[in-house]
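Analysis of the macromolecular model
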Amino acid sequence: THIITSPCIGTKDQACTEVCPVECIYDAGEMYLIHPDECIDCGACVPACPVSAIFPEEDVPAEETPFIARNYEFFGA
Ligand code: SF4
Ligand code: F3S
């Protein structure tokens, strides 16, 4: 899956939601999160985000790794 990280908080640009072919990016309050069971890892959302908040799970920067669990837990995955 892909993971949305801290720059989304306070930004919520939503450009990612417009390019996702499977519409798996959901409003989670202070930020958007990606449903890990629905994401097809196409990568389209990565360049769409103006604050570079989205990474493939394996490429999430060390300081942003708490967002991996936050992403999974939000969807109960
Ligand atoms: Fe959607 Fe593709 Fe981004 Fe996954 S990687 S959230 S399928 S745009
Ligand atoms: Fe957030 Fe970037 Fe999408 S700011 S809502 S991850 S385009």
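Residues numbered from 1 in each chain as written. Chains lettered and ligands numbered in written order. Predicted model: local features only at pLDDT ≥ 70, side-chain atom pairs only at ≥ 80, totals over all residues. Heavy atoms only, no water.

1. Observations concerning the nonpolar core
The condition that has to hold: Here, the term nonpolar core denotes a set of buried Ala, Val, Leu, Ile, Met, Phe, Trp, Tyr and Cys residues that are joined through side-chain atoms within 4.5 Å. Working definition: with a 1.4 Å probe on protein chains only, accessible area under 20% of the residue-type maximum means buried, over 50% means exposed, and in between means partly exposed. Counting from the N terminus, the helices are DSSP H or I runs at least four residues long and the strands are E runs at least two residues long.
Grouped together as the largest cluster of nonpolar side chains are 21 residues, with contacts concentrated most on Ile-4, Ile-25, Ile-34 and Ile-54. If you list the elements that add at least two residues to this core, you get β1 (2–4), β3 (32–34) and α3 (66–74). A per-element tally of this core places β3 first, with 3 residues.

2. Looking at the site of ligand 1
Worth spelling out the cut-off: Nearness is defined per residue: one heavy atom within 4 Å of the molecule or strand is enough. With a 1 Å grid laid over protein atoms only, a set of points is called a cavity when a 1.4 Å probe fits there but cannot get out and a pocket when it is open yet has protein on both sides within 12 Å along at least five of seven lines; lining residues have an atom within 4 Å of a point. Any molecule with more than half of its atoms within 2 Å of a cavity's or pocket's grid points is counted as sitting in it. Residue polarity follows a fixed list, in which Ala, Val, Leu, Ile, Met, Phe, Trp, Tyr, Cys and Pro are nonpolar, Asp, Glu, Lys and Arg are charged, and the others, Gly among them, are polar.
Residues in close proximity to ligand 1 total 13 residues, the closest being Cys-20, Cys-39, Cys-42, Gly-43 and Cys-45. Its atoms largely coinciding with the cavity grid, ligand 1 occupies the largest cavity. Residue composition of the shell around ligand 1, by class: 10 nonpolar, 2 polar and 1 charged.

3. Overview of the packing of aromatic side chains
Selection rule: Classification of ring pairs uses Phe, Tyr and Trp, with its six-membered ring standing for Trp, and accepts pairs whose centres are within 6.5 Å; under 30 degrees between planes counts as stacked, over 60 as edge-to-face, and the remaining range as tilted.
Applying the stated criterion across every chain, the model contains 2 aromatic pairs. The interplanar angle of 90 degrees and the centroid separation of 4.9 Å between the aromatic rings of Phe-74 and Phe-75 together place this pair among those described as edge-to-face. Residue Phe-74 is classed as partly exposed on the basis of its relative accessible area, which comes to 43%. Among the residues examined, Phe-75 registers a relative accessible area of 18% and is labelled buried.

4. What about α3?
As a reminder, the rule being used: The arc in question is the one spanned by the directions pointing from the helix axis to the C-beta atoms. Residue contacts are counted whenever heavy atoms from the two residues lie within 4.5 Å of one another.
Looking only at α3, the buried set comprises Phe-67, Ile-68 and Asn-71. Considered in projection along α3, the buried side chains sweep an arc of 110 degrees and stay on one side of the axis. With respect to the buried face of α3, the exposed residues turned more than 90 degrees away are Pro-66 and Glu-73. Of the surrounding secondary structure, the elements contacted by the buried residues of α3 are β1 and β3. Once α3 ends, the next one or two residues include Gly-76, with phi positive near 65 degrees.

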